[in-house]
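# Reading the structure
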Amino acid sequence: MSIFGKKIEKRDAALGNLQDLLAQRDGVPGWSAETVNESTALSVSTVLSCVSILADSIAALPIKVYREFDDRNLTLKTPRFLKTPNLNQSRFEFIHQVVSSMALHGNAYVLIDRDTAERPIAMTTLHPDKVTIAMDRNRKIYKFYERVYTKNNILHFTWFTYPGSYLGVSPLKAQRNTIGVALAMERHIGQFYGQGATPSSILETDQAMTKEQAEVLQSTWSNAHNRQRKPAVLTGGLKWKAISDAAGEELVKARDQIVKEIARVYRIPSYLIHADGSSGLYSNVESSGIQFVRHTLLPWLSRIEEGFSGLLPGNSYARFDVSEYQRGDRSNTIRAAQT
């Protein structure tokens, strides 16, 4: 290879490395040239569906508190701060925001208010974009605007972390190109059908025709055949030809594949988001609920349970009641037995 060719190769490699570095920063588009952030990602129906399924499913589950006693688990009264986290949010809304924050940003921060005895009395979610983490004398501190908090006042939930890292990996950053392609496709399909100049069909002839004659022919054809199924009679060498929108159809097929890719990231079964060609894989509601809890929800539940358990005294611990997902199947069984 010539010296000139080697210089070009080094330049291309440097540009590629720069693009990879920039793609890891907020507000910088990836290879799709689409800006991927919280707002744009939620405009993709698959992302919105996956995140809402996770958040809704977990937020709908009751939280129970137990204590280990002589090899038994005693059910305790649920503390008020787990029933009503704060004055402005219900438990459902609070858990929904925690899960959504993890699913979009990879991190969720919860501010813990304590009484004079250091007992938790309220919890409030903080937007992850407004929180930064720093180390002060081997102690992790959290900065929210101008205020500084320690681990005693912040619950930090992460979706996925690298070894030695304090921050969770944001799915929006890790999958910037996949979501960016989805955004590009949505925009292109919208432009194709909304602003495209491709006609539905054409009338062609070998004979010469003035502009006025062409306009009269077009108007006459539209008036005669719009919303009509009558046979067309063509004279004067006219031929009718349909215009295929194969390009649009190919885009729709490619978008269906992206839908499955995004669902795979969040481990959402395709049938739950009505992906193309998907169907229920389980014979009944109970089996499907168990599989969904085991393979999708359990890691998310464990993270939140561990955080809440750390706020409870002694050997008490918090658990989500996943038996709710079997309620529909048991109800059907009872109705069948009664009939």
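For clarity, every value in this text was computed on a predicted model and none was experimentally measured.

Attention shifts here to the pattern of salt bridges. Within this structure, the stated rule accounts for six salt bridges. Note that Asp 115 and Arg 119 form a salt bridge whose closest N and O atoms lie 3.0 Å from each other.

So, on to the sheet that holds strand E5 (residues 131-135). An order of E5-E6-E7 is seen for the three strands of this open sheet, with the pairing classed as antiparallel. Edge strands, defined here as strands with exactly one partner in the open sheet, are E5 and strand E7 (147-150). Ignoring strand direction, the axes of neighbouring strands in this sheet form an average angle of 30°. For E5 and strand E6 (residues 140-144), the ladder comprises five bridges, and the chain directions are antiparallel. Its bridge partner being in E6, Val 131 is matched across the sheet by Phe 144.

Let's shift gears to the side chain of Glu 305. One can find Glu 305 in helix H10 (residues 285-309). Looking at Glu 305, the relative accessible area reads 10%, which means it is buried. Apart from residues no more than four positions distant in its own chain, Glu 305 is found in contact with Ala 318, Arg 319 and Phe 320.

Criteria and thresholds
- Residues numbered from 1 in each chain as written.
- Predicted model: local features only at pLDDT ≥ 70, side-chain atom pairs only at ≥ 80, totals over all residues.
- Heavy atoms only, no water.
- Salt bridge = Lys/Arg side-chain N within 4 Å of Asp/Glu carboxyl O.
- Pairing = 2+ DSSP bridges.
- Helix = DSSP H or I, 4+ residues; strand = E, 2+ residues; numbered from the N terminus.
- Axes fitted to C-alpha atoms, helices over the stretch in contact; angles between N-to-C directions.
- Buried < 20%, exposed > 50% of the residue type's maximum accessible area, 1.4 Å probe, protein only.
- Contact = heavy atoms within 4.5 Å.

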